[in-house]
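# Residue-level structural notes
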Amino acid sequence: MAKTKPGKKDLDSYSIKGTNKVVRIGDCVLMRPSDSDKPPYVAKVDRIEVDHRNNVKVRVQWYYRPEESIGGRRQFHGAKELFLSDHYDLQSAHTIEGKCIVHSFKNYTKLENVGPEDYFCRFDYKAATGGFTPDRVAVYCKCEMPYNPDDLMVQCEGCKDWFHPNCMGMTIEEAKKLDPFLCSDCSSEDDVKRPLNSFHVEPKVESKRRKR
């Protein structure tokens, strides 16, 4: 842990003013934006410190929403998706509005109910360059898009790939009634298992065109 400056002391926790919630290092928090029309910022608490005047500050690692990234929001980004950035800041603890949970992508997809404080993260993000880690993700369905957890998908019993009902010419209600579901490739006689392709998630540049 980095040394604290003279007159400052590290704290293990901070109680959010006006609530019974306690923030500890490693917790994810919602922070008040300067523009009240915007949603709260989301950050992970890296350090909590207090100075000789009893001013509490938190060093945070910011999460970015897709629309705040260089590439912008894309079709496969979920409504509650965040990117863990390499951008750190020192902020007044008074700007913390509440706590939240940033799940792994896998755990988020297993949630029975998504609450207002539930988010998920599947990418690390470099704020200066717009680069993502991982820079590729698997694609599914005929549309060959990465998985968006907000969209219902059905799994083919044959090839085990996942499909959007509307891409298969079905309604969501029709897809839910199918048991088992077979995609058009697997239900035809010349059944050929499709390879799982991948999708570049970084901003589009000519040298990084998506491979088919």
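Residues numbered from 1 in each chain as written. Predicted model: local features only at pLDDT ≥ 70, side-chain atom pairs only at ≥ 80, totals over all residues. Heavy atoms only, no water.

### Some points on the overall build of the protein chain
To keep things clear, this is the line we draw: Strands here mean DSSP runs of E at least two residues long; helices mean DSSP runs of H or I at least four residues long; both are numbered from the N terminus. Think of it in three bands: residues with accessible area under 20% of the maximum for their type are buried, residues over 50% are exposed, and the middle band is partly exposed, with areas taken using a 1.4 Å probe on protein chains only. Two residues form a contact once any of their heavy atoms are found within 4.5 Å. Areas reported as accessible are Shrake-Rupley estimates using a 1.4 Å probe. Residue values count occlusion only from the protein chains shown.
The helix and strand inventory of the protein chain stands at 3 helices and 14 strands. Per-residue burial over the protein chain gives 38% buried out of 212 residues. Across the protein chain, the fraction of contacts at a sequence separation of at least 24, relative to all contacts at a separation of at least 6, is 56%. Summed over its atoms, the accessible surface of the protein chain is roughly 13,100 Å², and 48% of this surface lies on carbon and sulfur atoms.

### Considering the environment of Arg-73
Defined as follows: Between N or O atoms, a polar contact is any pair within 3.5 Å; within protein, one atom must be a potential hydrogen donor and the other a potential acceptor, and residues adjacent in sequence are included only when both atoms are from side chains.
Relative to the assigned elements, Arg-73 resides in the loop between strand 6 (56-64) and strand 7 (81-92). Those residues in contact with Arg-73 that sit more than four places away from it in its chain are Pro-66, Glu-67, Gly-78 and Ala-79. A distance of 3.0 Å separates a polar atom in the side chain of Arg-73 from a polar atom in the side chain of Glu-67. At 3.0 Å, the side chain of Arg-73 forms a polar contact with the backbone oxygen of Gly-78.

### Considering the packing of aromatic side chains
Under the convention used in this document: In this scheme Phe, Tyr and Trp rings, the latter by its six-membered ring, pair at centre separations within 6.5 Å, and the angle between planes marks the pair as stacked below 30 degrees, edge-to-face above 60, and tilted otherwise. To sit over a ring, a charge needs its Lys NZ or Arg CZ within 6 Å of the ring centre and within 35 degrees of the ring normal.
Per the counting criterion, the structure on display carries 11 aromatic pairs. Taking 5.7 Å as the distance between ring centres and 70 degrees as the angle between the ring planes, the aromatic pair formed by Tyr-41 and Trp-62 counts as edge-to-face. Of this pair, Tyr-41 sits in strand 5 (residues 41-50) while Trp-62 sits in strand 6, and the two are 21 residues apart along the sequence. Taken together, a centroid distance of 6.0 Å and an interplanar angle of 65 degrees make the contact between Phe-163 and Phe-181 edge-to-face. In this pair, Phe-163 is assigned in strand 13 (residues 162-163) and Phe-181 in the loop between helix 2 (172-177) and helix 3 (184-187), connecting sequence segments 18 residues apart. Owing to a relative accessible area of 2%, Phe-163 belongs among the buried residues under this scheme. Judged by its relative accessible area of 6%, Phe-181 is buried. Through a chain of ring-to-ring contacts, three or more aromatic side chains come together here, namely Tyr-64, Phe-83, Phe-123, Tyr-125 and Phe-132. Taking NZ or CZ as reference, Arg-122 lies 4.5 Å from the ring centre of Phe-105, over its face.

### Remarks on unusual backbone geometry
Here Thr-133 and Pro-134 are connected by a cis peptide whose omega angle stands at -5 degrees. Looking at the secondary structure, you find Pro-134 in the loop between strand 10 (131-133) and strand 11 (136-138). In this model, Glu-144 sits at a positive phi of 50 degrees, which is unusual for a non-glycine residue.

### Quick look at the nonpolar core
As a reminder of what qualifies: Only buried residues count toward a nonpolar core. Its members are Ala, Val, Leu, Ile, Met, Phe, Trp, Tyr and Cys residues joined through side-chain atoms within 4.5 Å.
Counting residues in hydrophobic clusters, the biggest one holds 24 residues, and the most contacted among them are Val-29, Met-31, Val-58, Ile-96 and Phe-123. Breaking this core down by element, the ones donating at least two residues are strand 4 (28-31), strand 5, strand 6 and strand 9 (118-126). With 5 residues, the top contributor of residues to this core is strand 6. Core analysis: the next-biggest nonpolar cluster, separate from the first, contains 12 residues, Cys-141, Cys-156, Met-170 and Ala-175 among them.

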